[in-house]
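# Observations on the model geometry
The primary structure of each chain is shown beneath.
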Amino acid sequence: MAQPIYELTTLEIKVFSNASVYAALEKNLPEAGGELLGAFASDIGDLSRVLVLRRFASADAQAEARLKLLMQKDPLGCAEWLVSLRSENYALFPFLAEPKPGKMGRWYEFRTYSIRQGALAETIEAWKDAVPARTAMSPMVGAFTALDGDQPRFLNIWTYDTLEDRARIRGEAVKQGVWPPKGGPANLTKMQSTVCAPVPFSPLA
């Protein structure tokens, strides 16, 4: 059976064009391929960004949808407001259940980690040991290995009801020794975080 591929598309948009972009995405994403899991607007980090998370049944299905998008004069109906568009491919960590639509939290944090070459397998094992205790404190949409680019990296998506909860839970996880995973930080070379809110039509809400 083919392994599902997760695609995270980031649209950098013109300032104050959010409402127009949301309407265009809601209209055009159903025909763009894949299963829409979530659409999110950045609020902390790089602003004027909309992040779209989709799942594809296979790499072939994702590649077909990507080529279709690249060939369009008006990608996702958003060309009028687009500054840039970037798509990244990911595979879910093998020990995790596939994300399902539903209400998970008011805030979604997308944390991307770059890691040193050759350290991916042991990093996934470290996360496997630590994730159960950490997700008992706040839900995680998923952890994903990047399949593109020249630097190994992975993505964690966490959810929180409030920003105060985010600060408190992260502090408690460190204090209790629940997080970060033991041995995991030694392999990390770079971290980047964007905190987003789901847009009105997002299945993950």
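As a reminder, the structure under discussion sits directly above these lines.
To keep things clear, this report deals only with the structure shown in the data block. Quick caveat: nothing in here was measured; it's all calculated off a predicted structure.

What counts as what
Note that residues are indexed from 1 along each chain, following the sequence as it is written. In view of the model being predicted, local features appear only for residues whose pLDDT reaches at least 70, and side-chain atom pairs are presented and counted only at 80 or more, with totals across whole chains, interfaces and linings using the full set of residues. Heavy atoms from the whole structure form the basis of all side-chain values; hydrogens and water molecules are not counted. Each helix corresponds to a stretch of at least 4 residues labelled H or I by DSSP, and each strand to a stretch of at least 2 residues labelled E; elements are numbered beginning at the N terminus. Restricting the calculation to C-alpha atoms gives the radius of gyration, and the globule rule supplies 2.2 Å times the number of residues raised to the power 0.38. Residue burial is assigned from relative accessible area. The probe radius is 1.4 Å, only protein chains are included, and a residue is buried under 20% of its type maximum, exposed over 50%, and partly exposed in between. Computed with a 1.4 Å probe, the accessible areas rest on the Shrake-Rupley method; for each residue, only the protein chains presented here act as cover. Asp and Glu count as negative and Lys and Arg as positive, but His and the ends of the chain are not part of the count. Throughout, a charge is located at the NZ atom of Lys, the CZ atom of Arg, the CG atom of Asp or the CD atom of Glu. The arc in question is formed by the directions pointing from the helix axis toward the C-beta atoms. Residue contacts are defined here by distance: any two heavy atoms, one from each residue, within 4.5 Å place the two residues in contact. An expected span of 1.5 Å times one less than the residue number is assigned to each helix. At least two bridges found by DSSP between two strands are what make those strands a pair. Comment: axis = line fitted to C-alpha atoms, over the contacting stretch for helices; angle = value between 0 and 180 degrees taken between N-to-C directions. Contacts described as polar in this section are N or O atom pairs within 3.5 Å, which, within protein, must combine one atom able to donate a hydrogen with one able to accept it, while residues neighboring in sequence count only if both atoms come from side chains.

Another aspect to go through is the overall build of the protein. Broken down by element type, the protein carries 4 helices and 8 strands. When the helices and strands of the protein are listed from N to C terminus, the series reads β-α-β-β-α-β-β-α-β-β-α-β. Over its C-alpha trace the protein gives a radius of gyration of 17 Å, about what one expects of a compact globule, namely 17 Å for 205 residues. Overall size of the protein, expressed as C-alpha extent along the three principal axes, is 50 × 40 × 30 Å. Per-residue burial over the protein gives 47% buried out of 205 residues. With an accessible surface of roughly 10,300 Å², the protein has 55% of that area assigned to carbon and sulfur atoms. Considering the protein, the positive charge centre built from 23 side chains and the negative charge centre built from 23 side chains are found 3 Å apart.

Before going further, it helps to spend a moment on helix α1 (residues 18-28). Where α1 is concerned, the buried positions are Val-21, Tyr-22, Ala-24 and Leu-25. In a view along the axis of α1, the buried residues occupy a sector of 165°, so they form one face of it. Exposed side of α1, more than 90 degrees from the buried face: Ala-19 and Lys-27 are the residues found there. Each element contacted by the buried residues of α1 is listed here: β1 (5-13), β2 (35-44) and β3 (49-56).

We now examine helix α4 (residues 163-175). With 13 residues, α4 extends 18 Å from end C-alpha to end C-alpha; this agrees with the ideal 18 Å at 1.5 Å per step. Of the residues flanking the end of α4, it is Gly-177, one or two places downstream, whose phi is positive at about 75°.

With that settled, the discussion passes to the side chain of Thr-145. If you trace the backbone, Thr-145 turns up in strand β6 (residues 140-146). We classify Thr-145 as buried; its relative accessible area is 11%.

All right, on to the sheet that holds β3 then. Strand order around the closed barrel formed by 8 strands is β1-β3-β2-β8-β5-β7-β6-β4, with antiparallel pairing between neighbours. Direction aside, the axes of adjacent strands within the sheet are offset by 35° on average. Against the sheet, helix α2 (residues 59-71) contacts β1, β3 and β4 (82-92), and its axis sits at roughly 20° relative to β1. Taken strand by strand, helix α3 (residues 120-135) contacts β5 (107-115), β6 and β7 (153-160), and its axis lies near 10° from that of β7.

Attention now goes to the pairing of β6. β6 sits mainly inside the fold: 7 of its 7 residues count as buried. Examined bridge by bridge, β4 and β6 share 3 bridges and lie antiparallel to one another. The partner of Leu-92 across the bridge, within β6, is Phe-144. As judged from the 5 bridges shared by β6 and β7, these two strands associate in the antiparallel manner. Note on β7: the bridge partner recorded for Thr-145 is Phe-154.

Right, let's get into the environment of Trp-158. Here Trp-158 lies in strand β7. By relative accessible area, which is 2% here, Trp-158 ends up buried. For the pair Trp-158 and Val-141, spaced 17 residues apart in sequence, the C-alpha to C-alpha distance is 6.0 Å. Once residues lying within four places of it in the same chain are set aside, the contact partners of Trp-158 are Trp-107, Tyr-108, Glu-109, Arg-111, Arg-134, Thr-135, Ser-138, Pro-139, Met-140 and Trp-179.

Take the side chain of Arg-54 next. Mapped onto the secondary structure, Arg-54 falls in strand β3. What makes Arg-54 buried here is its relative accessible area of 3%. Within polar-contact distance, the side chain of Arg-54 engages the backbone oxygen of Ala-32 at 3.1 Å. Polar side-chain contacts of Arg-54 include one of 3.0 Å to the backbone oxygen of Gly-33. If sequence neighbours within four positions are ignored, Arg-54 has contacts with Ile-5, Tyr-6, Glu-7, Thr-9, Leu-29, Ala-32, Gly-33, Glu-35, Leu-36 and Leu-37.

So, on to the pairing of β5. Across the 9 residues that make up β5, a large majority, 8, are buried. Inspection of the sheet shows β5 paired to β7 by 8 bridges, in the antiparallel sense. Paired with Thr-112 across the two strands is Leu-155, which belongs to β7.

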